[in-house]
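Coordinates in review
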Amino acid sequence: MKLVEVLDYEALSLHAAAIIANQVRNKPNSVLGLATGSTPLGCYKELVRQHQEEGLDFSQITTFNLDEYYGLAPNHRNSYRHYMNHYFFNHINIDKKRTHIPSGVPQDLIAECRDYDQRASDIGGMDCQILGLGSTGHIAFNEPSPSFEPFTRLVDLDESTIQANGHYFKIENTIPRQAITVGMRFILNSRAILLLVSSDKKAQALERTLNGTVDPMVPASILQLHPNVTVIADKEALSML
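First things first, this report covers the structure right here in the doc. Worth saying up front: this structure is predicted, and the values here are computed from it rather than measured.

**Some thoughts on helix H2 (residues 41–54)**
- Here H2 spans 19 Å end to end across 14 residues, near enough to the 20 Å set by a 1.5 Å rise per residue.
- Taken residue by residue, H2 has Gly42, Cys43, Tyr44, Glu46, Leu47, Val48, Gln50 and His51 as its buried positions.
- Where the residues of H2 are buried, they touch helix H1 (9–26), strand E2 (31–34), helix H3 (80–87) and strand E6 (128–132).
- In the stretch just after H2, glycine 55 is the one whose phi turns positive, near 80°.

**Regarding the sheet that holds strand E3 (residues 62–65)**
- Spatially, seven strands are ordered E1-E10-E9-E6-E2-E3-E5 in an open sheet, and the strand pairing comes out parallel. The open sheet has two edge strands with one neighbour each: strand E1 (2–6) and strand E5 (99–100).
- Taken together, the four bridges between E2 and E3 define a ladder with parallel strand orientation. Across the sheet, residue valine 31 finds its bridge partner in E3, namely threonine 62.
- The strands touched by H1 within the sheet are E1, E2, E6, strand E9 (193–197) and strand E10 (229–234), with E10 carrying the most contacts at an inclination of about 155°.

The rules behind the values
In this convention, every chain numbers its residues from 1, walking through the sequence in written order. Only residues with pLDDT of 70 or above have their local features reported here, since the model is predicted, and side-chain atom pairs are shown and tallied only from 80 upward, although totals for entire chains, interfaces and linings are computed over all residues. Just so you know, side-chain values use all the structure's heavy atoms and leave hydrogens and water out. For helices the rule is a DSSP run of H or I covering at least 4 residues; for strands it is a run of E covering at least 2, with both sets numbered from the N terminus onward. A helix's residues, less one, multiplied by 1.5 Å, set its expected span. Under the scheme applied here, a residue whose accessible area is under 20% of the maximum for its type counts as buried, over 50% as exposed, and between as partly exposed, the area being computed with a 1.4 Å probe on protein chains only. It only takes one pair of heavy atoms within 4.5 Å for two residues to be counted as in contact. Pairs of strands are assigned from DSSP output, requiring at least two bridges between the strands. Interaxial angle, 0 to 180 degrees, is taken between N-to-C directions of lines fitted to C-alpha atoms, where a helix line uses only the stretch in contact.

Shown next as structure tokens:
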């Protein structure tokens, strides 16, 4: 792993966006793996700025998102489809037919999961995958468990994850308790991985990810097995290293 220490969240966002922008410029038909949550927002904001002010071209880019809340339709204000449109896709020149997000309301759950993995495999995997880090050490919605799960599937969310995401929902009992998430095979098949980590709330999870054993109870620790991971973390997130 390559570890990049930055001062704060703004610096993290700018550094991550620079890497993604270089990927887009060097390979205009790149396949990008995208994450949601609060951590990537600054990166997306900077990429939008570069598109609007510097002409960064997303017209040939294909994207795959990591996950979606189960039970939320694409037009739901808290769905990850809505998130991606609102914060990123609506503001760049990407073809939305080339943006892939698991359906939160699939007609056939098993077929949806199998098809999502197949689409990613058929296109050759991600050129660059953005990941955030959960306080439990989860990546995507792969929560701590007895084993690493390889495939896209329906998962129960950890209570701490539900609470961490709760501020997005106005009414507490509407917070989804399940999600469809890609598995570890999808993530590890990426040619390059960017792990973005900010705030002291993630410090323990980051320390266990980087310095602990490869353990499914710390899902992100599996990244130790990947040959091309860049961790971009601010000083707070690195406080326990």
